[in-house]
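Now for the letters of each chain:
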Amino acid sequence: MIDIKNVGMKFNLGVEKDNSLKMTFIRLFDRKKRIKKSDFWALKDVSFHVDRGDVVGLIGSNGAGKSTLLKVVSGVLKPTEGSVEVGGAISPMIELGAGFDGDLTARENIFLNGAILGYSKEFLLEKFDEIVEFSELRDFLDVPVKNFSSGMVAKLAFSISTVVDPEILIVDEILSVGDIKFQEKSKNKMMSMIKGGTTVLYVSHSLESIKELCNKVVWLDKGKIVKIGDPIEVCNEYYDKQLKGKS
């Protein structure tokens, strides 16, 4: 379903990015102001396989490369090296609401974001009420999204993204959006998709949700795989290491 082979993702971090005429002149006389380039590998030699119907959790501390890997699998980023082969249609939920226009209303953004996700106008008209009911935002349909709270934006985005059961679901911390009631709805919706055979790549800092939802876990640290295996075993080992690191 998903085959990740020797994937590396390199970013260039420039200490000084000001390319104005003034800075160019200053650099001629001040070596300290010259641009210093530093290569940063967010991912390095990452390889694993995801079978159809697998629910794979990605764990690791901040900066471990989890979200970068999701973006590479989703096609948002092209890896510097290695390859990713995906055998199915992907529904990425990485940055909920990223495709919204703040000046448009929730009603208008349903059609805009839906179009970005590849849904037809006819499909969106058919599913409109279902999206609205799940989002719990019927009273705010004609309010510009720029006036929404972050939780309201996430609710709307999640409701649009999950109106169909995708073959592959890419999830980055979305079960923590909204209030407690909506978090439970989101979890139930995701469980329904999993039971329906959807393949899932899931990033979360909640080890309990990883243990509950996933059948395999990939532990990343500084862009490299530390361990792949049983969710309870890997999560417990990761937790113990995190505790030792704080002591």
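Above: the structure in question.
Remember, it's a predicted structure, so these values are computed and weren't measured experimentally.

**Q** Help me understand unusual backbone geometry in this model?
**A** Glycine aside, the phi torsion of most residues is negative, and most peptide linkages are trans. Positive phi values are uncommon outside glycine, yet Asn-6 reaches one of about 50 degrees. Its location among the elements puts Asn-6 in strand 1 (residues 2-14). Taking the relative accessible area as the measure of exposure, Asn-6 reaches 43% and is therefore partly exposed. Phi angles above zero are rare outside glycine, and Asp-45 is one such case at about 55 degrees. Tracing the chain through its elements places Asp-45 in strand 2 (residues 37-50).

**Q** Is there a simple way to think about the environment of Asn-6 in this case?
**A** Note: C-alpha distance between Asn-6 and Lys-44 (38 residues apart in sequence) is 7.4 Å. Ignoring any residue separated from it by four or fewer positions in sequence, one finds Asn-6 in contact with Asp-45, Val-46, Ser-47, Glu-81 and Gly-82.

**Q** Which parts of the structure should I look at to understand helix 2 (residues 66-74)?
**A** Since the α-helix packs 3.6 residues into each turn, any two residues three or four apart lie on the same face. Of all 9 residues making up helix 2, 7 are buried, and the element is well covered by its neighbours. All of the buried residues along helix 2 are Lys-66, Thr-68, Leu-69, Leu-70, Val-72, Val-73 and Ser-74. One or two positions beyond helix 2, positive phi appears at Gly-75, with a value near 90 degrees.

**Q** Even after reading the chapter, I still don't get the packing of helix 4 (residues 121-135) against helix 6 (residues 180-195), so can you show me in this structure?
**A** Packed helix pairs are characterised by how far apart their axes lie and by the angle those axes make with each other. At their nearest, the axes of helix 4 and helix 6 sit 10 Å apart, and the two run at 130 degrees to each other. On the basis of the axis angle, helix 4 is oblique to helix 6. Where helix 4 abuts helix 6, its residues Glu-133, Phe-134 and Ser-135 lie against Phe-182, Lys-185, Ser-186 and Lys-189. Along the lines of polarity and charge, the residues of the contact of helix 4 with helix 6 split into 2 nonpolar, 2 polar and 3 charged.

**Q** What is the right way to read helix 6 from this model?
**A** The end-to-end C-alpha distance of helix 6, which contains 16 residues, comes to 23 Å, matching closely the 22 Å that a straight helix rising 1.5 Å per residue would cover. Where helix 6 is buried, its residues touch strand 3 (55-59), helix 4, helix 5 (150-161), strand 6 (168-172), strand 7 (199-203) and helix 7 (207-213). The positive-phi residue at the C-terminal boundary of helix 6 is Gly-197, with phi of around 100 degrees.

The rules behind the values
Residues numbered from 1 in each chain as written. Predicted model: local features only at pLDDT ≥ 70, side-chain atom pairs only at ≥ 80, totals over all residues. Heavy atoms only, no water. Helix = DSSP H or I, 4+ residues; strand = E, 2+ residues; numbered from the N terminus. Buried < 20%, exposed > 50% of the residue type's maximum accessible area, 1.4 Å probe, protein only. Contact = heavy atoms within 4.5 Å. Axes fitted to C-alpha atoms, helices over the stretch in contact; angles between N-to-C directions. Parallel < 35°, antiparallel > 145°, perpendicular 65-115°, else oblique. Nonpolar A, V, L, I, M, F, W, Y, C, P; charged D, E, K, R; others polar. Expected span 1.5 Å × (residues − 1).

That's the geometry; what it means functionally is another story.
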